[in-house]
Amino acid sequence: MLFNSFVFVLVFLPLTVIVFFAAGRFSRKAAAAVLAAASLIFYSYWDPRYLILLLASVAINYTAGRAISRARDRNLAWWFAAAGIGADLAILGYYKYADFFITSLNTAGALSIPVLGVVLPIGISFFTFTQIAFLADVYKGGVREYRFIHYLLFVTYFPHLIAGPILHHKEIMPQFEDVQTYEPETKNFTIGSLIFLIGLGKKVLLADTFAAYANPVFDAASLNHSVDFASAWAGTLAYTLQIYFDFSGYTDMAVGLSLLFGIRLPINFNSPYKAISIIDFWRRWHMTLSRFLRDYLYIPLGGNRNGPLRRYTNLLVTMLLGGLWHGASWTFVAWGGLHGLYLIVNHAWAAVFPVSHPNRLRALAAGGTTFMAVVFAWVFFRAPTFRAAANIIQAMVGGTEISTDFHAWSAGWSSQFGLQESGERVAATILVGLGLCWFFPNSQEIAYGLQLFRGRMQWGTFGAVAVMIVILLAINASRGVSEFIYFNF
Amino acid sequence: MWKVVHFFLGALATLVVLELVLRPLPVMHGWENPPVTMEFPMVRYLPHAAYSYSRAWNLLGATRGRFNNLGYAAQDVDLKAPTIAVIGDSFVEAAMIAPGERIGDILAQRIPLQVAAFGISGADLPDYMVTADWVAGHIPTRMLIFVIVRGDLAGSVKPKLRGYWYHETLEHLEIRRNIAFTLRNTLSSSRLFNYLYYQLKVGPHMLRDNWRRPENSGIDQFGTGKKTPTSTNATEEITPLMHAAAVQFIADAAALQRKGVSIALVFDADRGAIYGGGGGKTAQEEVLAGLAQQAGLRTISLADAFASDYREHHQSFEYDKNDSHWNAYGQQIVAKALLEELGLATLAVVDR
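None of these values were measured; they are calculated from a predicted model.

**Student:** Describe the overall build of chain B, naming the residues involved and giving the relevant values.
**Tutor:** Along chain B, the regular secondary structure elements total 14 helices and 11 strands. Among the 352 residues that make up chain B, the fraction classed as buried is 51%. Long-range contacts, defined as pairs at least 24 residues apart, comprise 71% of the intrachain contacts of chain B with a sequence gap of at least 6. Accessible area of chain B: about 16300 Å², with a carbon and sulfur share of 56%.

**Student:** If you had to explain the overall build of chain A to someone new, which residues and values would you point to?
**Tutor:** Check the secondary structure of chain A and you find 20 helices and 0 strands. Relative to the 2.2 N^0.38 estimate, which gives 23 Å for 489 residues, the radius of gyration of chain A is 23 Å and therefore close to what a compact globule would have. Expressed as lengths along the three principal axes of its C-alpha atoms, the size of chain A is roughly 70 × 60 × 55 Å. Taking all 489 residues of chain A together, 58% fall into the buried category. Taking the intrachain contacts of chain A between residues at least 6 apart in sequence as the baseline, contacts between residues at least 24 apart amount to 76%. Summing over all exposed atoms, chain A offers an accessible surface of approximately 20100 Å²; the carbon and sulfur share of this is 66%. A distance of 10 Å separates the average location of the 33 positive side-chain charges in chain A from that of its 24 negative side-chain charges.

**Student:** Tell me about the pattern of salt bridges, and name the residues and values.
**Tutor:** All names here are of chain A. Within the structure shown, the criterion is met by 12 salt bridges over all chains. Here Glu 177 ties to Arg 147 by a salt bridge, and the two come within 2.5 Å at their closest N and O atoms. Separated by 30 residues along the polypeptide, Glu 177 in helix H8 (residues 169-177) and Arg 147 in the loop between helix H5 (124-139) and helix H6 (148-156) bring together distant segments of the chain. The class for Glu 177 is partly exposed, based on a relative accessible area of 29%. Arg 291 is the salt-bridge partner of Glu 171, the closest N and O atoms lying 2.8 Å from each other. Pair noted here: Glu 171 is in helix H8 and Arg 291 is in helix H12 (residues 287-301), with a separation of 120 residues, a long-range link. Owing to a relative accessible area of 24%, Glu 171 belongs among the partly exposed residues under this scheme. Residue classification places Arg 291 among the partly exposed residues on the basis of a relative accessible area of 21%.

**Student:** Hey, could you go over the environment of A:Phe380 for me, with residue numbers and the actual values?
**Tutor:** Topologically, A:Phe380 is positioned in helix H15 (residues 360-382). Along the sequence, A:Phe380 and A:Phe261 sit 119 residues apart, while their C-alpha atoms lie 38 Å from each other.

**Student:** Got a sec to walk through a nonpolar patch on the surface? Specific residues and values, please.
**Tutor:** All names here are of chain B. Together, Met 1, Val 4, Val 5, Phe 8 and Leu 9 line one region of the surface with nonpolar side chains, adding up to about 540 Å² of accessible area. Structurally, the position occupied by Met 1 is in the segment before helix H1 (2-22). Judged by relative accessible area, which is 78%, Met 1 ranks as exposed.

**Student:** Go over the confidence of the model for chain A with me, naming the residues and quoting the values.
**Tutor:** Predicted coordinates in regions of low pLDDT should not be interpreted in detail. Mean pLDDT over chain A stands at 88; residues scoring 70 or higher make up 94%. The weakest mean pLDDT in chain A belongs to helix H17 (residues 406-417) of chain A at 68; the strongest belongs to helix H11 (residues 278-284) of chain A at 95.

**Student:** Go over the sheet that holds strand S5 (residues 141-148) of chain B, please, and point to the residues and values.
**Tutor:** Residues and elements named next belong to chain B. Judged by pairing direction, the sheet is parallel, and its 5 strands sit side by side in the order S4-S3-S5-S8-S9 without closing on themselves. Edge positions in the sheet fall to strand S4 (114-119) and strand S9 (298-301), since each has one partner strand and no second. The mean inter-strand angle of the sheet, taken between neighbouring strand axes irrespective of direction, is 20°. Examined bridge by bridge, strand S8 (residues 262-267) and S9 share 4 bridges and lie parallel to one another. Across the sheet, residue Phe 267 finds its bridge partner in S9, namely Ser 301.

**Student:** So, empty space enclosed by the protein: which residues are in play, and what are the values?
**Tutor:** Residues and elements named next belong to chain B. Throughout the structure, instances matching the rule amount to 3 cavities of 30 Å³ or more. For the second largest cavity, the calculated volume is near 70 Å³. Lining the second largest cavity, in full, are Ala 73, Ala 74, Gln 75, Val 92, Glu 93, Arg 102, Gly 104, Asp 105, Val 115, Ala 116 and Ala 117. Of all the elements in the fold, those that place two or more residues in the lining of the second largest cavity are helix H2 (90-93), helix H3 (103-110) and S4. The element that contributes the greatest number of residues to the lining of the second largest cavity is S4, accounting for 3 residues. Residues of the lining of the second largest cavity, tallied by class, amount to 6 nonpolar, 2 polar and 3 charged.

**Student:** Go over the packing of H5(A) against H6(A) with me, naming the residues and quoting the values.
**Tutor:** Residues and elements named next belong to chain A. Across the interface, H5 lies against H6 with an axial gap of 9 Å and an inter-helix angle of 135°. As the angle between them shows, H5 and H6 are arranged oblique. Here H5 contributes Phe 127, Thr 130, Gln 131 and Phe 134 to the contact with H6, which in turn contributes Tyr 151, Phe 154 and Val 155. A class-by-class count of the residues in the contact of H5 with H6 yields 5 nonpolar, 2 polar and no charged.

**Student:** Explain the packing of helix H1 (residues 6-24) of chain A against helix H2 (residues 28-44) of chain A residue by residue, including any values.
**Tutor:** The angle between the axes and the distance between the axes are what describe a pair of packed helices. Residue and element names in this part refer to chain A. Axis separation between H1 and H2 bottoms out at 7 Å; the angle between their running directions is 160°. On the basis of the axis angle, H1 is roughly antiparallel to H2. The two elements H1 and H2 meet at a crossing, and its hand is right-handed. Of H2, the residues touching H1 (which contributes Phe 8, Phe 12, Thr 16, Val 19, Phe 20, Ala 23 and Gly 24) are Ala 30, Ala 31, Val 34, Leu 35, Ala 38, Ile 41 and Phe 42. Here the residues of the contact of H1 with H2 sort into 12 nonpolar, 2 polar and no charged.

Quick notes on the rules
- Residues numbered from 1 in each chain as written.
- Chains lettered and ligands numbered in written order.
- Predicted model: local features only at pLDDT ≥ 70, side-chain atom pairs only at ≥ 80, totals over all residues.
- Heavy atoms only, no water.
- Helix = DSSP H or I, 4+ residues; strand = E, 2+ residues; numbered from the N terminus.
- Buried < 20%, exposed > 50% of the residue type's maximum accessible area, 1.4 Å probe, protein only.
- Contact = heavy atoms within 4.5 Å.
- Areas by Shrake-Rupley, 256 points an atom, 1.4 Å probe, with all protein chains shown as cover.
- Rg over C-alpha atoms; globule rule 2.2 N^0.38 Å.
- Lys, Arg positive; Asp, Glu negative; His and termini not counted.
- Charge placed at Lys NZ, Arg CZ, Asp CG, Glu CD.
- Salt bridge = Lys/Arg side-chain N within 4 Å of Asp/Glu carboxyl O.
- Patch = residues over 30% accessible without salt bridge, like charges linked within 9 Å, V, L, I, M, F, W, Y side chains within 5 Å.
- pLDDT = per-residue confidence, 0-100.
- Pairing = 2+ DSSP bridges.
- Axes fitted to C-alpha atoms, helices over the stretch in contact; angles between N-to-C directions.
- 1 Å grid on protein atoms, 1.4 Å probe; cavity = no way out; pocket = protein on both sides within 12 Å on 5 of 7 lines; lining within 4 Å.
- Points joined across faces, edges and corners; volume = space filled by probe spheres on them.
- Nonpolar A, V, L, I, M, F, W, Y, C, P; charged D, E, K, R; others polar.
- Parallel < 35°, antiparallel > 145°, perpendicular 65-115°, else oblique.
- Left-handed = near helix turned anticlockwise from the far one by under 90°.

Spelled out as structure tokens, the structure:
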């Protein structure tokens, strides 16, 4: 079920909210069970067969977690943890990477092993990582709560199940325990629906608009058609905006939805394109993934404890695996590797030229450089092949035709890419999108900054937000199904 | 209780603001139908009223104009001038295309004779016939060209909100009309209603539009969702009632021709089949063209015109990837085919 569909907003969500709070009046356990059951229905709507996989994964990890917590010695606990995490990686490896490795082997060794044609179950990367973190924390003794219904809900909770944020049990399980969670609160409805509206607006009005500009350019590049300088930049900048508005929009919707149930999810984006360094970027972009990679990969690898060379190696390995987590393709690995290199350069630079508070000019230069580096890397993230990425980058650096006649390019853009919009309009829309990223507050700043949530104003605001949500849903539905980019990961 | 009141006040205030915001924008408006009368039995729009047309949610590609003296999105019609009438539905109305680029306008530029376009969105064969009867009775008509497109025959036997359809009685087919669009006409004065109803096409179907995993496939990574028309022949079934409707329509057209008006039937092609390298004739065309030829009516298949042009230029004829109406280029191809096949230029010379 998609967050941006009528059936979700008008049927599934109101029913779930009503039944959840009704059950909460009698029993917290019953309310948690209602939410868990709703989450399973939500997941199975995509394809009920994969519900078994999800439940099997939950059962394996819960059993492993209990076994670790009850193990008499650390050695035994380690084996249980290794078995649980090994099972997680095996499942993820089979469903997400089996065909990738077979294809890679075939290419490298001129073999002809048949691919398995495995379908990628939706959300598998997210629910696997969530549970790996759980097992690691159980092993470290950081878990106190083992109620099965809470664990099931923690993993399957529908606002985060499919595309995150990647939750940490410590920030969610206590909320399931809290009595206040089960009591409806007007402020939560108002702020939650407003954040949901902002996320929906990002997806419907912005992300899908930029997708229409980016897709034909990358499609042309993947077909080896010539892409000119301006079109390559327009397509890449459009994708830069698309992925931000798409993913942060999804996260906003998840955060907003969760707030309706009184449960606060962690922030996942904090104006990433305002970053003034790559280190800063990764503190603002997909923050829950960065946290996961830091806590469960980078630090266990040794972090920065064994000298700069080891630190840089750890960084590179972490980012390469982070890239591979995004998708079973070498282009994602390249994207991760590129960011790994950026981070190494950034850390090395900071070590040689330490600046604690850069002045405005320096911050502007640093921000511009960071943004360009991020944009450049997105080419590998979006392009389906290295050939396509090379075509785009070649055009971006002036390796193909550079038209000095903007109007001629503008007119040609429409016919070349089959769009109704002129290049001028596309350029203007991209500038507006960049302006929104650079100069406007982000969702949480807007939602919590507005003073519309006091007294009777709250219900008026809620009514206004509800109308706008329906209008945006109608706009979205008028264009057909539009899924979120991160559903693929 | 006050909570509910405030909720609805907030919702109402938002609707008012949206209405005010949409007022100056080119949201679809002006497309109200006056009631049909004995004097004007055909479905049309309000004569001389201003209209604006846009289909996209973001109001891109909007066109604005004014309906003519008879209530069609076309040039004014001189009721005394010798005329070639082009009758059809939204393909002839072509509201999404700028005035001057529509079939009627292109023909008018090429023929020194009045060309009057009578296109109404949603019209089908019985609507065409009611219009044709009126035109033949009120304008000195040299030729009536019926532009017949996909779904016209199927739509002719289904009751509809506005317009006419063939109704099966015990002995024969009869044309029935429905004028129950008063409520919609009233609501059409709201830009917000028009935006939701006409542009976004809000309706119960949206509850069904959801996302499930397509059978035997994974996630369509970075799917562009590009749609092109697909061949329809395989699913197009001509029912006995549709066949009877076709017979009735051709009989009525032949009767008009016997009164001295030259009749031509122009058939749109299955363009999806053409893009796939196929023939492009529809099952509907096979039936209607066969009957028309037996009745001595002229027929023009656009399949050859579209196919040969596509082979040469590889340019599509659709308005956009989600809208199979002819674009300006498609309108040119159709107009060119009409000029060539019907010898319209010659007709004009003779008339002069």
